[in-house]
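Letter by letter, the chains look like this.
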Amino acid sequence: MKRLLLGFGLATGIAYAVREWFAAPQPAPSWEETDNDPEDLSDDLAQRARQAEGAQASEDTPAT
């Protein structure tokens, strides 16, 4: 039983190493290809804050 488990573990380790060795490297996405550009996020957060302040200000003004 020990030999079976040891053999399975070694075979799995070798298969994983071979797969990693021959796999093509995954390219990292550029900021243009993603939706999480830091500049866009800061603009979006600022816009959300302005919208929230405007909504809060309109709620605070009494209706005439």
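The structure this text deals with has already been given above.
Since the structure is predicted, the reported quantities are computational estimates derived from the model, not experimental observations. (Residues numbered from 1 in each chain as written. Predicted model: local features only at pLDDT ≥ 70, side-chain atom pairs only at ≥ 80, totals over all residues. Heavy atoms only, no water.)

Asker: Talk me through the overall build of the protein; I want residue IDs and the actual numbers.
Answerer: Secondary structure summary: the protein contains two helices and zero strands in total. A burial count over the protein gives 2% of its 64 residues as buried. For the protein, the accessible surface area stands at approximately 6400 Å², while carbon and sulfur atoms represent 61% of it. (Helix = DSSP H or I, 4+ residues; strand = E, 2+ residues; numbered from the N terminus. Buried < 20%, exposed > 50% of the residue type's maximum accessible area, 1.4 Å probe, protein only. Areas by Shrake-Rupley, 256 points an atom, 1.4 Å probe, with all protein chains shown as cover.)

Asker: Kindly report on the pattern of salt bridges, identifying the contributing residues and their values.
Answerer: Here the structure, examined in full by the defined rule, presents one salt bridge. R19 serves as the salt-bridge partner of E20, at 3.9 Å between the closest nitrogen and oxygen. (Salt bridge = Lys/Arg side-chain N within 4 Å of Asp/Glu carboxyl O.)

Asker: Tell me about a nonpolar patch on the surface, and please be specific about residues and values.
Answerer: Together, L6, L10, I14, V18, W21 and F22 give the surface a local cluster of nonpolar side chains, amounting to about 760 Å² of exposed area. Structurally, the position occupied by L10 is in helix α1 (residues 2-22). On the basis of relative accessible area, L10 is assigned to the exposed category, the value being 52%. (Patch = residues over 30% accessible without salt bridge, like charges linked within 9 Å, V, L, I, M, F, W, Y side chains within 5 Å.)

Asker: Lay out α1 with the relevant residues and their values.
Answerer: Its 21 residues place the ends of α1 30 Å apart at the C-alpha level, agreeing with the 30 Å of an ideal helix rising 1.5 Å per residue. The buried fraction of α1 is low, at zero of 21 residues. (Expected span 1.5 Å × (residues − 1).)

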